[in-house]
Amino acid sequence: MDKRVQYEVSRAFLKRFLFNMLLYVLFVVVMAETGWFYCNSKIWYPHERIYPLIHFLHKNFMEVFLFAMCSGAVVIACIHFFWIASMLGRVTQEIGSLYSGSTEAAKLPPQLNEMEKQLNFIMSNVRKSRKEADEAVQRKNDMIVYMAHDLKTPLTSVLGYITLVKDEDGLPADIRKKYLGVAMKKAERLEDLINEFFEVARYNFTQMALEYSTVNLTVMIEQLLYEFKPVFSQKGLFYTTELEPDIMVLCDTEKIERVFDNLFRNVVNYSYANTEIRVSLADNGEEGVKFIVENHGKTIPEEKIACIFDRFFRIDSSRSTETGGAGLGLAIVKEITGLHNWTVKCESEEEKIRFIIIIGKEQRKEVNYAG
């Protein structure tokens, strides 16, 4: 509980206590004044039954008055403490409902209004975190099922083709070479999927540390695009670039290479065949340095764009063995760019997918511009 809430709750309790005390004091004073005037309004004789009491009160009026005040204060304080205990019970009950998974908002007495607001805020965050954790566990479980299927498929092919080569002694050389080529391709796919499992373990149980150095971001992107040419060509993809020369950036070179590598692989997986990929890099002044890669592919619904950087999330539900991974690539992109205080986002419309990375104005001290 922060100091503001402590102050408001203490103020509410104290206000209630003082108000009750004031009412009691007023009641005692009115009763004392009424009794005083009544007793003085007539003559009392010793033979009257009430005379001893009247005589005692007359001689010890101040003592009786103070005793009544103190006794009342003690009683009111006890009642007040009991009320505070009941309020704590209500708070405990609401906290218990939080752990029981209740979705209803906490409701406390008006005196605990500030505590109610903070408790509901905490409960909202806990429910959100619990939901995100449940979704992450579900995605991870789905990933394990899908990966088991994806591992089995290429493994079955590898075993099948190797068995054919082994058992068929009379296979022509060209057929034997073809079978071994297919087995090799499936084995490579199997290796990629196994590496995905290692990536899952690595990014789940270790925390990345950055090793900064100055790199020419323009040259890095040009080099990566050149290395991806064979991969692009297999799908008939071609790229055009608008890269501002010699944009120098202070970053962890290896990890930033991983960012662009993952983005380009994602482009390959989700591009229509024989389409163009557009890549641009420019210093946009106040907006910062902006990198954009755009490809032609199936439009991503808005609800999926919101989850596209989540771990184990995959856009396609078909789980294609040839293109399917663990759904970790874009999550790694998000994590690495976040560590660098860069911004990454995805846009999709009219069968176009666009990934944008921005090195914002607040990071200008980390960027040197040359040329």
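Before any of the text, the structure's been laid out above.
Residues numbered from 1 in each chain as written. Predicted model: local features only at pLDDT ≥ 70, side-chain atom pairs only at ≥ 80, totals over all residues. Heavy atoms only, no water.

A. Quick peek at the overall build of the chain. Helix and strand counts for the chain stand at ten helices and eight strands. By residue count, 35% of the 371 residues in the chain fall in the buried class. For the chain, contacts bridging at least 24 residues in sequence account for 73% of all contacts bridging at least 6. Accessible area for the chain stands at about 23100 Å²; split by element, carbon and sulfur atoms hold 59% of it. (Helix = DSSP H or I, 4+ residues; strand = E, 2+ residues; numbered from the N terminus. Buried < 20%, exposed > 50% of the residue type's maximum accessible area, 1.4 Å probe, protein only. Contact = heavy atoms within 4.5 Å. Areas by Shrake-Rupley, 256 points an atom, 1.4 Å probe, with all protein chains shown as cover.)

B. Structural detail: the environment of asparagine 20. Along the chain, asparagine 20 turns up in helix α1 (residues 3–40). Classification of asparagine 20 by relative accessible area gives partly exposed; the value is 28%. Each C-alpha atom of the pair asparagine 20 and isoleucine 76 lies 7.3 Å from the other, and the pair is 56 residues apart in sequence.

C. How the structure looks around empty space enclosed by the protein. On inspection of all chains with the given rule, the structure shows one cavity of 30 Å³ or more. Counted as a void, the largest cavity has a volume near 30 Å³. In this structure, the largest cavity is lined by Leu217, Phe260, Leu281, Val289, Phe291, Trp342, Ile357 and Ile359. Listing elements by their share of the lining of the largest cavity, those giving two or more residues are β5 (289–296) and β7 (352–359). Looking at the lining of the largest cavity, its residues break down into eight nonpolar, no polar and no charged. (1 Å grid on protein atoms, 1.4 Å probe; cavity = no way out; pocket = protein on both sides within 12 Å on 5 of 7 lines; lining within 4 Å. Points joined across faces, edges and corners; volume = space filled by probe spheres on them. Nonpolar A, V, L, I, M, F, W, Y, C, P; charged D, E, K, R; others polar.)

D. The arrangement of the pairing of strand β4 (residues 276–283) in detail. Pairing geometry for strand β2 (residues 238–243) and β4, over six bridges, is parallel. Its bridge partner lying in β4, glutamate 242 is registered against serine 280. When β4 meets β5, the two strands line up antiparallel, connected through seven bridges. From the neighbouring strand, aspartate 283 faces β5, where its bridge partner is valine 289. From the end of β4 to the start of β5, which pair antiparallel, there are five residues, and glycine 285 there has a positive phi angle of about 65 degrees. (Pairing = 2+ DSSP bridges.)

E. Structural view of the side chain of histidine 340. Inspection of the secondary structure puts histidine 340 in the loop between α10 (329–339) and β6 (343–349). Side-chain polar atoms of histidine 340 contact the backbone nitrogen of aspartate 252, separated by 3.0 Å. (Polar contact = N/O pair within 3.5 Å; in protein donor to acceptor, adjacent residues only side chain to side chain.)

F. A look at the pattern of salt bridges. One pass over the structure, following the stated rule, counts six salt bridges. Aspartate 261 is the salt-bridge partner of arginine 265, the closest N and O atoms lying 2.8 Å from each other. Of this pair, arginine 265 and aspartate 261 are both found in helix α8 (residues 253–269), four residues apart, which corresponds to roughly one turn of the helix. Take arginine 265: its relative accessible area is 46%, and that puts it in the partly exposed class. Its salt-bridge partner being glutamate 347, residue lysine 345 comes within 3.9 Å of it at the nearest N-O pair. Here lysine 345 falls in the partly exposed class, since its relative accessible area comes to 36%. Salt bridges sharing partners connect three or more residues here, namely Glu294, Lys345, Glu347 and Arg354. (Salt bridge = Lys/Arg side-chain N within 4 Å of Asp/Glu carboxyl O.)

G. View of the packing of helix α6 (residues 217–227) against α8. Where α6 meets α8, the axes come as close as 11 Å, and the angle between the chain directions of the two elements is 45 degrees. Taken together, α6 and α8 sit at an angle that is classed as oblique. Crossing handedness for the pair α6 and α8: right-handed. In this structure, α6 contributes Leu217, Met220, Ile221, Leu224 and Leu225 to the contact, and α8 contributes Thr253, Ile256, Glu257, Phe260, Asp261 and Phe264. Grouping the constituent residues of the contact of α6 with α8 by class yields eight nonpolar, one polar and two charged. (Axes fitted to C-alpha atoms, helices over the stretch in contact; angles between N-to-C directions. Parallel < 35°, antiparallel > 145°, perpendicular 65-115°, else oblique. Left-handed = near helix turned anticlockwise from the far one by under 90°.)

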